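Here are the chains, one letter per residue:
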There are 2 protein chains.
Amino acid sequence: MKIKVVAVGNLKDKFNQLGAEEYIKRIKRFCTFEMKEVSEENLKKEPNASEILDILKRESVKLEKEIEGALVVLDIGGEKFTSKNFSTKIDNILMSNSTITFIVGGSYGIDEKIKSMARLRMSFSDMTFPHGLFRVMLLEQIYRGLAIKGNLPYHK
Amino acid sequence: MKIKVVAVGNLKDKFNQLGAEEYIKRIKRFCTFEMKEVSEENLKKEPNASEILDILKRESVKLEKEIEGALVVLDIGGEKFTSKNFSTKIDNILMSNSTITFIVGGSYGIDEKIKSMARLRMSFSDMTFPHGLFRVMLLEQIYRGLAIKGNLPYHK
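The present account deals with the structure reproduced in this document. Since the structure is predicted, the reported quantities are computational estimates derived from the model, not experimental observations.

Some points on the pairing of strand S1 (residues 2-8) of chain A
Residue and element names in this part refer to chain A.
Reasoning step 1: The buried fraction of S1 amounts to seven of the seven residues, a majority that puts the element mostly inside the structure.
Reasoning step 2: Burial along S1 is two-sided: the residues Lys-2, Lys-4, Val-6 and Val-8 and Ile-3, Val-5 and Ala-7 are all buried.
Reasoning step 3: Across seven bridges, S1 lies against strand S2 (residues 32-38) in parallel orientation. When the bridges of S2 are listed, Ala-7 appears paired with Glu-37.
Reasoning step 4: After leaving S1, the chain enters helix H1 (residues 14-27) and then returns to the sheet as S2, a path that is right-handed.
Reasoning step 5: Where S1 lies against strand S4 (residues 99-104), six bridges are found, and the strand directions are parallel. In the sheet register, Ala-7 faces S4, and the bridge partner there is Val-104.

In structure tokens, the structure reads:
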């Protein structure tokens, strides 16, 4: 049983680095875990619509290579879950797949091709969060999901 | 124009302390800001339902004293907003009130009395987050809301 998180871009803020480290350490008590960063492609400050499509396409080539097992894409337009239902969902996916790969996009989102490959597209919130902070939120929910599944007391 | 955030309990994790500090520093570029913590009342590890009501009641006495201006309560059952609509909402409230107080509850939520006093009950997600991390998420969205309102470029 393995969980892999693939994200576009790196963590610039110290607090997000520390938060991610903490939850990764906790996730590793339950399963094999791999965190993989692919580089961002946005070279210009304000790309236009066609440049954005090009950025997403180039990022998608790198992302696609990292997919192992069942793919879950984090997408603001995706399905919403409570933490408990998210835990059940992960558990169900891991019954028929040895690995889940979660993909978190970059500043401009995720290419449609990657989205179409996903077993599940999920959203945490209608709100937009910085991707560094969002990565910590995702890792916390994965840890929470595993803790719920393992009947571990985990304080809010 | 003042924004006040009142939370039950303190930040135990370093990464949440650093994250909160960072967004508070940024919020202060836009307005007067006050962060206030009131102490948690949960003395037992697993309180029963009536003990929880008692905890919430005792916390509510301390919370009520801290309310200034219009009250916004963070509540998992509350109304959901996009970041842009949240920005507009804050802006509208600040047109008729010099201060907004946001209240974030403790491990067991918030007393119904405090909820009933709120101008707005809002939810960020169907998911449950640890209250330390949630505090960082709230501060980030307040900063984001002020940046949107001020037409500041703020990267995702």
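Section: the nonpolar core
Reasoning step 1: With 74 residues, the main nonpolar core has Phe-102 of chain A together with Phe-102 of chain B as its most contacted residues.
Reasoning step 2: Setting aside residues no more than four positions away along its own chain, Phe-102 of chain B makes contact with Ile-3, Lys-4, Val-5, Val-6, Val-72, Leu-74, Phe-86, Ile-90, Leu-138 and Ile-142 of chain B.

As for the relation of the copies chain B and chain A
Reasoning step 1: Laying chain B over chain A is done by rotating through 180° and shifting 0.0 Å along the axis; what remains is an RMSD of 0.0 Å. Within this description, the copies of the chain are treated as partners about a two-fold rotation axis.
Reasoning step 2: Counting the interface residues of chain B, we find that 100% of their copies in chain A are interface residues as well, pointing to one common contact surface.

What about the packing of helix H3 (residues 83-96) of chain A against helix H5 (residues 131-149) of chain A?
All names here are of chain A.
Reasoning step 1: H5 packs onto H3 with a crossing angle of 80° between their chain directions and a minimal axis gap of 8 Å. One finds that H3 runs roughly perpendicular with respect to H5. Contact residues: Ser-83, Lys-84, Phe-86, Ser-87 and Asp-91 in H3; Gln-141, Ile-142, Arg-144, Gly-145, Ile-148 and Lys-149 in H5.
Reasoning step 2: Its residues placed into classes, the contact of H3 with H5 shows three nonpolar, four polar and four charged.

A look at the interface of chain B and chain A
Reasoning step 1: Counting residues at the interface gives 32 residues for chain B and 32 residues for chain A.
Reasoning step 2: For the pair chain B and chain A, the summed buried surface comes to about 2,800 Å²; carbon and sulfur atoms form 64% of the total.
Reasoning step 3: The interface formed by chain B and chain A contains eight residue pairs in polar contact (both at pLDDT 80 or more).
Reasoning step 4: When contributions to the side of chain B that touches chain A are tallied by element, the ones reaching two or more residues are helix H1 (14-27), helix H3 (83-96) and helix H5 (131-149) of chain B.
Reasoning step 5: Grouping the constituent residues of the side of chain B that touches chain A by class yields 15 nonpolar, 10 polar and seven charged.

Things to note about H5 of chain B
Reasoning step 1: Spanning 19 residues, H5 of chain B covers 26 Å between terminal C-alpha atoms, matching the ideal 27 Å at 1.5 Å per step.
Reasoning step 2: Phi for Asn-151 of chain B, located one or two positions after H5 of chain B, is positive at around 55°.

Observations concerning the sheet that holds strand S3 (residues 70-80) of chain A
Residues and elements named next belong to chain A.
Reasoning step 1: Taken in spatial order, the five strands make up an open sheet running S2-S1-S4-S3-S5, and their pairing is parallel. With one partner strand each, in any of the chains shown, S2 and strand S5 (120-123) form the two edges of the open sheet. Taking the axes of each pair of neighbouring strands and ignoring which way they run, one obtains an average angle of 30° across the sheet.
Reasoning step 2: Along the sheet, helix H2 (residues 49-66) makes contact with S1, S2 and S4, crossing S1 at roughly 170°.

Some remarks on the side chain of Arg-135 of chain A
Reasoning step 1: Here Arg-135 of chain A lies in helix H5.
Reasoning step 2: The contact partners of Arg-135 of chain A, leaving out residues within four places of it in the chain, are Ala-7, Gly-9, Asn-10, Leu-11, Met-35 and Glu-37 of chain A.

Notes on H2 of chain A
Residues and elements named next belong to chain A.
Reasoning step 1: A rise of 1.5 Å per residue sets the reference length of H2, with its 18 residues, at 26 Å; its end C-alpha atoms lie 26 Å apart and thus fit the reference within 8%.
Reasoning step 2: Along H2, the sharpest kink reaches roughly 25°, centred on Ser-60.
Reasoning step 3: Turning to H2, its buried residues number three or more, namely Ile-55, Leu-56, Glu-59, Ser-60, Leu-63 and Glu-66.
Reasoning step 4: Buried residues along H2 sit against S1, S2, S4 and helix H4 (112-117).

What to know about the sheet that holds strand S5 (residues 120-123) of chain B
Residue and element names in this part refer to chain B.
Reasoning step 1: The five strands are arranged S2-S1-S4-S3-S5 in an open sheet whose pairing can be described as parallel. Only two strands of the sheet have a single neighbouring strand rather than two, namely strand S2 (32-38) and S5. When the angles between neighbouring strand axes are averaged without regard to direction, this sheet yields 30°.
Reasoning step 2: Bridging between strand S3 (residues 70-80) and strand S4 (residues 99-104) involves five bridges; their strand directions are parallel. Bridging from a neighbouring strand, Leu-71 pairs with Thr-101 of S4.
Reasoning step 3: Along the sheet, helix H2 (residues 49-66) makes contact with strand S1 (2-8), S2 and S4, crossing S1 at roughly 170°.

Focus on the pattern of salt bridges
All names here are of chain A.
Reasoning step 1: Going through the model one piece at a time under the given rule, you end up with 40 salt bridges over all chains.
Reasoning step 2: Two residues, Glu-34 and Lys-4, come together in a salt bridge whose shortest N-O distance is 4.0 Å. Here Lys-4 lies in strand S1 and Glu-34 lies in strand S2, a separation of 30 residues in the sequence.
Reasoning step 3: According to the relative accessible area criterion, Lys-4 is buried, its value standing at 3%.
Reasoning step 4: Among the salt bridges present, the one from Lys-12 reaches Glu-40, with a minimum N-O distance of 3.8 Å. Placement of the pair is Lys-12 in the loop between S1 and H1 and Glu-40 in the loop between S2 and H2, with a sequence separation of 28 residues.
Reasoning step 5: Judged by its relative accessible area of 59%, Lys-12 falls in the exposed class.
Reasoning step 6: A network of salt bridges, in which partner residues are shared, links Lys-2, Lys-4, Glu-34, Lys-36, Glu-66 and Glu-68.

Cut-offs used in this document
- Residues numbered from 1 in each chain as written.
- Chains lettered and ligands numbered in written order.
- Predicted model: local features only at pLDDT ≥ 70, side-chain atom pairs only at ≥ 80, totals over all residues.
- Heavy atoms only, no water.
- Buried < 20%, exposed > 50% of the residue type's maximum accessible area, 1.4 Å probe, protein only.
- Helix = DSSP H or I, 4+ residues; strand = E, 2+ residues; numbered from the N terminus.
- Pairing = 2+ DSSP bridges.
- Right-handed = clockwise from strand over helix to strand, strands pointing away.
- Core = buried A, V, L, I, M, F, W, Y, C linked by side-chain atoms within 4.5 Å.
- Contact = heavy atoms within 4.5 Å.
- Least-squares fit on C-alpha atoms with pLDDT ≥ 70 in both.
- Axes fitted to C-alpha atoms, helices over the stretch in contact; angles between N-to-C directions.
- Parallel < 35°, antiparallel > 145°, perpendicular 65-115°, else oblique.
- Nonpolar A, V, L, I, M, F, W, Y, C, P; charged D, E, K, R; others polar.
- Buried area = accessible area lost by both parts, 1.4 Å probe.
- Polar contact = N/O pair within 3.5 Å; in protein donor to acceptor, adjacent residues only side chain to side chain.
- Expected span 1.5 Å × (residues − 1).
- Bend = angle between axes of the 7 residues up to and from the residue.
- Salt bridge = Lys/Arg side-chain N within 4 Å of Asp/Glu carboxyl O.

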